[in-house]
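The residues making up each chain are set out below.
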Amino acid sequence: MNKSDLITKFRNIGITEGMMLEVHSSLSSFGYVEGGAETVIEALMECVGETGSIFMPALRLSPPMELTEKDREMGLTVKIKVLPENEPRTDMGIISDTFRQRADVITGKGIIRTSGWGVHAKEAAQGGLDYVIHNGGMALMLGVDIYKLTAMHYMEDILPKEISDIFAPSEDVLGIYSPDEWFIEAGEPPVKPWYTIQDMAYQKGLIKDGYIGKCKYMFFGILDVVSLYRKELEIDPFGLYGLKTNNMRRSLHE
């Protein structure tokens, strides 16, 4: 595919001038793109125009690393390295990494960062995705699913501690893997709750999907979908995470 192909496809999806986009992507899902990541970025920029904005994740995290036998004995389920400030390649994918390194893109500080371009680019540094979530922003998922949607985490301020503790490493683990250098999880729920939300969004007709070449895309209003997650966290968070009974909750901590 070339830039002209992508612009046509993006416009057919419904991307218009002045739009704010949260974009998560896998370049390899397209197959071959002439010009690679820059071509995808430039096509998106041309579609939203000078009055639009684009946001992409810029988390300073490596791809998940292989767990050692000792890691598993300590209950680790995820081990990710925190990367240096200017590391060129991260687990965000080459499109996001290329976007972040452009001179016309603004990136926030810290480990959990967002990069922004366009009219509201500065919002990426000031509030991450908060502005795009609450001001009509759209999400474009290119070759990835809801588990890459960073905006979902913005709903988790009401996640019960009993659930967040499932993932929390012990003091012994933290003594080995400092939070300044590592992102560690030491448990997982019986179900993948975000897939439940994705299914709900499809059932409600909130997600438009299809293919751009070989790339499966999803396109939707961010607040429409993440609000489903927040509502479920308010109504029945333990059911959403597959922790309906006290016995199930207890077994995860034993």
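For the structure itself, consult the block above.
These numbers were taken from a predicted model, which means no experiment stands behind them. (Residues numbered from 1 in each chain as written. Predicted model: local features only at pLDDT ≥ 70, side-chain atom pairs only at ≥ 80, totals over all residues. Heavy atoms only, no water.)

(A) Inspection of the packing of helix α9 (residues 193–203) against helix α10 (residues 222–235) at higher detail. The interhelical angle for the contact between α9 and α10, taken along N-to-C directions, is 125°, at an axis separation of 9 Å. The orientation of α9 relative to α10 falls into the category oblique. Where α9 crosses over α10, the handedness of that crossing is right-handed. Residues W194, I197, M200 and A201 of α9 touch α10, and the partners they reach there are V225, L228, Y229 and E232. Here the residues of the contact of α9 with α10 are counted per class, giving seven nonpolar, no polar and one charged. (Axes fitted to C-alpha atoms, helices over the stretch in contact; angles between N-to-C directions. Helix = DSSP H or I, 4+ residues; strand = E, 2+ residues; numbered from the N terminus. Parallel < 35°, antiparallel > 145°, perpendicular 65-115°, else oblique. Left-handed = near helix turned anticlockwise from the far one by under 90°. Contact = heavy atoms within 4.5 Å. Nonpolar A, V, L, I, M, F, W, Y, C, P; charged D, E, K, R; others polar.)

(B) The arrangement of the pairing of strand β5 (residues 114–118) in detail. Burial analysis of β5 places four of its five residues in the buried class, which makes it a mostly covered element. Sheet analysis places strand β2 (residues 53–57) next to β5, joined by five bridges and oriented antiparallel. Bridge pairing in β5 places F55 opposite G116. As paired elements, strand β4 (residues 106–107) and β5 share two bridges and run antiparallel to each other. Residue pairing across strands places I106 opposite G116, the latter belonging to β5. The turn joining β4 and β5, which pair antiparallel and follow one another in sequence, is formed by six residues; a positive phi near 90° is taken by G110. (Buried < 20%, exposed > 50% of the residue type's maximum accessible area, 1.4 Å probe, protein only. Pairing = 2+ DSSP bridges.)

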